[in-house]
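Structure assessment
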Amino acid sequence: MKLRVLFGILLIVILTACSATTQTVISDEVIFYGEGEYWNVSYIYNSGLYEEKKINWVEIETKGFELTQEEIENIDIEFEGRDGLSTGNVGDMETKIEGNAISFLVGTVNFETYEEDEYKITINFKDKQDIIKLQIKR
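Residues numbered from 1 in each chain as written. Predicted model: local features only at pLDDT ≥ 70, side-chain atom pairs only at ≥ 80, totals over all residues. Heavy atoms only, no water.

**Some words on the confidence of the model for the protein chain**
In low-pLDDT segments, the atomic positions of the prediction should not be examined closely. Chain-level pLDDT for the protein chain is 88 on average; 85% of the residues reach the 70-or-more range. Within the protein chain, helix α1 (residues 2-19) has the poorest average pLDDT of any element, 56, and strand β8 (residues 119-125) the best, 98. (pLDDT = per-residue confidence, 0-100. Helix = DSSP H or I, 4+ residues; strand = E, 2+ residues; numbered from the N terminus.)

As structure tokens, then:
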């Protein structure tokens, strides 16, 4: 019986090791980018900022329309990573605005960030929804 248990554990370890993929940990700053119908989105991952405060910047830029300061309160987002989901209203967040681009801080959505990661952001604004997949910008 002990031999069967030992063999079973060994088999599980071997299968787990064979199925593991090698991923590249990000140690500086990279941009994950995606385009939707109404928005262009960048997630700027900075390892130092993340290690210090567990936050990073997301920048959303309108495509073909202008925003007023008051309209920012009508933008709701869901930002999803492998390990979590961050939701909120952009008007309630710390933001920076430059032209049609709005930058805001998001919290932890992955415990560790890899170059191979993908993120999903959903932007709801004026009864329109954009679901955008973000991948590393090379």
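Now that the structure has been shown, the text picks up again.
**Thoughts on the pairing of β8**
In terms of residue burial, β8 counts as a mostly covered element, since 5 of its 7 residues are buried. Note that strand β4 (residues 75-80) and β8 share 6 bridges and pair antiparallel. Counterpart to Ile 77 in the pairing with β8 is Ile 123. Across 7 bridges, β8 lies against strand β9 (residues 128-136) in antiparallel orientation. Within the sheet, the bridge partner assigned to Ile 121 lies in β9 and is Ile 132. Following β8, the chain reverses through 2 residues before pairing antiparallel with β9; Lys 126 in that reversal takes a positive phi of roughly 50°. (Buried < 20%, exposed > 50% of the residue type's maximum accessible area, 1.4 Å probe, protein only. Pairing = 2+ DSSP bridges.)

**Section: the pattern of salt bridges**
For the coordinates displayed, the defined rule picks out 7 salt bridges. Here Lys 63 and Glu 35 are joined by a salt bridge, their closest N and O atoms 3.8 Å apart. Here Glu 35 lies in strand β1 (residues 29-35) and Lys 63 lies in the loop between β3 (56-62) and β4, a separation of 28 residues in the sequence. On the accessibility criterion, Lys 63 (31% relative accessible area) is partly exposed. (Salt bridge = Lys/Arg side-chain N within 4 Å of Asp/Glu carboxyl O.)

**So, the nonpolar core**
In this structure, Ile 60, Ile 75 and Phe 79 are the most contacted members of the largest nonpolar core, which totals 28 residues. Those elements giving two or more residues to this core turn out to be β1, β2 (39-46), β3, β4, β7 (101-106), β8 and β9. With residues up to four places along the chain from it excluded, the contact list for Ile 60 reads Trp 39, Asn 40, Val 41, Ile 75, Asn 100, Ala 101, Ile 102, Phe 104, Ile 121 and Ile 123. (Core = buried A, V, L, I, M, F, W, Y, C linked by side-chain atoms within 4.5 Å. Contact = heavy atoms within 4.5 Å.)

**Brief notes about unusual backbone geometry**
Unusually for a residue other than glycine, Lys 54 sits at a positive phi of about 60°. Position of Lys 54 relative to the elements: it lies in the loop between α2 (47-53) and β3. With a relative accessible area of 37%, Lys 54 lands in the partly exposed category. In this structure, Lys 126 takes a positive phi of about 50° despite not being glycine. In this structure, Lys 126 sits in the loop between β8 and β9.

**A look at the environment of Ile 55**
Take Ile 55: it is sitting in the loop between α2 and β3. Ignoring any residue separated from it by four or fewer positions in sequence, one finds Ile 55 in contact with Leu 49, Tyr 50, Leu 105, Val 106 and Gly 107.

**So, the pairing of strand β6 (residues 95-98)**
Strand direction decides the pairing type here: β6 and β7, joined by 4 bridges, are antiparallel. Looking across to β7, one finds that Glu 98 is bridged to Ala 101. Taken together, β6 and the strand that follows it, β7, pair antiparallel across an intervening segment of 2 residues, in which Gly 99 is found at a positive phi of about 60°.

**Looking at the sheet that holds β7**
In space, the 9 strands of this open sheet follow the order β5-β4-β8-β9-β1-β2-β3-β7-β6, with antiparallel pairing throughout. Every interior strand has two partners, whereas the edge strands, β5 (85-89) and β6, have only one. Averaged over all pairs of adjacent strands, the angle between their axes in this sheet comes to 20°, without regard to strand direction. (Axes fitted to C-alpha atoms, helices over the stretch in contact; angles between N-to-C directions.)

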